[in-house]
Amino acid sequence: MAEGSLKDSARRVQQAIEAAGFDFEVREFPASTRSAAEAAAAIGCTVEQIAKSLIFRAETSGAPVLVLASGANRVDEAAVGAVLGQPIGRARPDFVRETTGFAIGGVPPVGHLKQPLTFIDRDLMAMTEIWAAAGTPNAVFPLSPEQLVALTGGQVADIRQA
């Protein structure tokens, strides 16, 4: 999709991708990609291939924490806190918008107003292709797990809830 035809938030993600030196193409769908199941259905991939973006708040520092998890997994907040070195808690919608510049349901792995601490679910590393949110509830982009690590500088960790 041509960058000029993307919605503003999706265009910001496309520009952040390009500024980071990558050429992934943001794609907008007529159907919602807000949840992992909706995204998988719209794209035609498995739920495991969806890299869902979850924003948490580090309880000690107050920093935003981005967790990129396989769409099939629930995040073990204690495991993320152990890797981070401080507990994390769910972020309120206003915190998500203030720190990322995006609303819940379209938070991408890049292009945030404040650089988050980023953790990537090890289960994503088993995929050949994954899909990440791109700024709106209808926009996503494909990439490999290795490219996700390079794009975000995120730390791969075992963060799946047992």
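Scroll up a little and you will see the structure.
About the cut-offs
- Residues numbered from 1 in each chain as written.
- Predicted model: local features only at pLDDT ≥ 70, side-chain atom pairs only at ≥ 80, totals over all residues.
- Heavy atoms only, no water.
- Core = buried A, V, L, I, M, F, W, Y, C linked by side-chain atoms within 4.5 Å.
- Buried < 20%, exposed > 50% of the residue type's maximum accessible area, 1.4 Å probe, protein only.
- Helix = DSSP H or I, 4+ residues; strand = E, 2+ residues; numbered from the N terminus.
- Contact = heavy atoms within 4.5 Å.
- Phe/Tyr/Trp six-rings, centres within 6.5 Å; stacked < 30°, edge-to-face > 60°.
- Pairing = 2+ DSSP bridges.
- Polar contact = N/O pair within 3.5 Å; in protein donor to acceptor, adjacent residues only side chain to side chain.

Chemist: When you look at the nonpolar core in this model, what are you seeing that I'm missing?
Modeler: Soluble, globular proteins show a tendency: their nonpolar side chains are buried together. If you look at the biggest cluster of nonpolar residues, it comprises 27 residues, and the most contacted ones within it are Val13, Ile17, Val26, Ile55, Phe141, Leu143 and Leu148. Secondary structure elements with two or more residues in this core: helix H1 (8-19), strand E2 (50-58), strand E3 (64-70), helix H4 (93-100), strand E6 (130-133), strand E7 (139-143) and helix H5 (145-152). For this core, the element with the most residues is H1, which contributes four residues. If sequence neighbours within four positions are ignored, leucine 148 has contacts with Ala51, Leu68, Pro109, Ile120, Leu124, Ile130, Leu143 and Gly153.

Chemist: Could you clarify how one ought to interpret the packing of aromatic side chains in this entry?
Modeler: What characterises a pair of aromatic rings is the spacing of the ring centres plus the angle enclosed by the ring planes. Enumeration over the complete set of coordinates arrives at two aromatic pairs. For the ring pair phenylalanine 22 and phenylalanine 24, a centre distance of 5.0 Å and an interplane angle of 15° mean the geometry is stacked. When its relative accessible area of 5% is taken as the criterion, phenylalanine 24 is described as buried. Taking 5.8 Å as the distance between ring centres and 20° as the angle between the ring planes, the aromatic pair formed by phenylalanine 24 and phenylalanine 141 counts as stacked. A residue pair is termed long-range when its members are at least 10 positions apart, and phenylalanine 24 in the loop between H1 and strand E1 (27-28) and phenylalanine 141 in strand E7 qualify at 117 residues. The buried category is assigned to phenylalanine 141, whose relative accessible area is 0%. These aromatic residues form a ring-pair network of at least three members: Phe22, Phe24 and Phe141.

Chemist: Is there a simple way to explain the side chain of threonine 33 in this structure?
Modeler: Assignment of secondary structure puts threonine 33 in the loop between E1 and helix H2 (36-43). Overall, threonine 33 belongs to the buried group, its relative accessible area being 7%. In this structure threonine 33 touches Glu38, Ala39, Ala42, Gly105, Thr136, Pro137, Asn138, Ala139 and Val140, once residues within four positions along its chain are discounted.

Chemist: What should I look at first to understand the pairing of E6 in this one?
Modeler: Each regular strand carries side chains that alternate between the two faces of the sheet. Judged from the two bridges that link them, E2 and E6 form a sheet pairing that is parallel. Along E6, the bridge assignment pairs isoleucine 50 with tryptophan 131. Taken together, E6 and the strand that follows it, E7, pair antiparallel across an intervening segment of five residues, in which glycine 135 is found at a positive phi of about 100°.

Chemist: How do you make sense of the pairing of E7 when you look at a structure like this?
Modeler: Most of E7 is tucked away, with five of its five residues classed as buried. Of the two faces of E7, the one carrying Ala139, Phe141 and Leu143 and the one carrying Val140 and Pro142 are both buried. Examined bridge by bridge, E1 and E7 share two bridges and lie antiparallel to one another. Looking at E7, one finds that glutamate 28 is bridged to alanine 139. Alignment of E6 against E7, held across four bridges, turns out to be antiparallel. In the sheet register, isoleucine 130 faces E7, and the bridge partner there is leucine 143.

Chemist: Explain the environment of serine 35 here, please?
Modeler: Turning to its location among the elements, serine 35 is positioned in the loop between E1 and H2. Since its relative accessible area comes to 31%, serine 35 is described here as partly exposed. With 85 residues separating them in the primary sequence, serine 35 and isoleucine 120 have C-alpha atoms 18 Å apart. Within the local environment of serine 35, its side chain forms a polar contact with the backbone nitrogen of glutamate 38, the two atoms lying 3.1 Å apart.

Any link to function would need more than the numbers given here.
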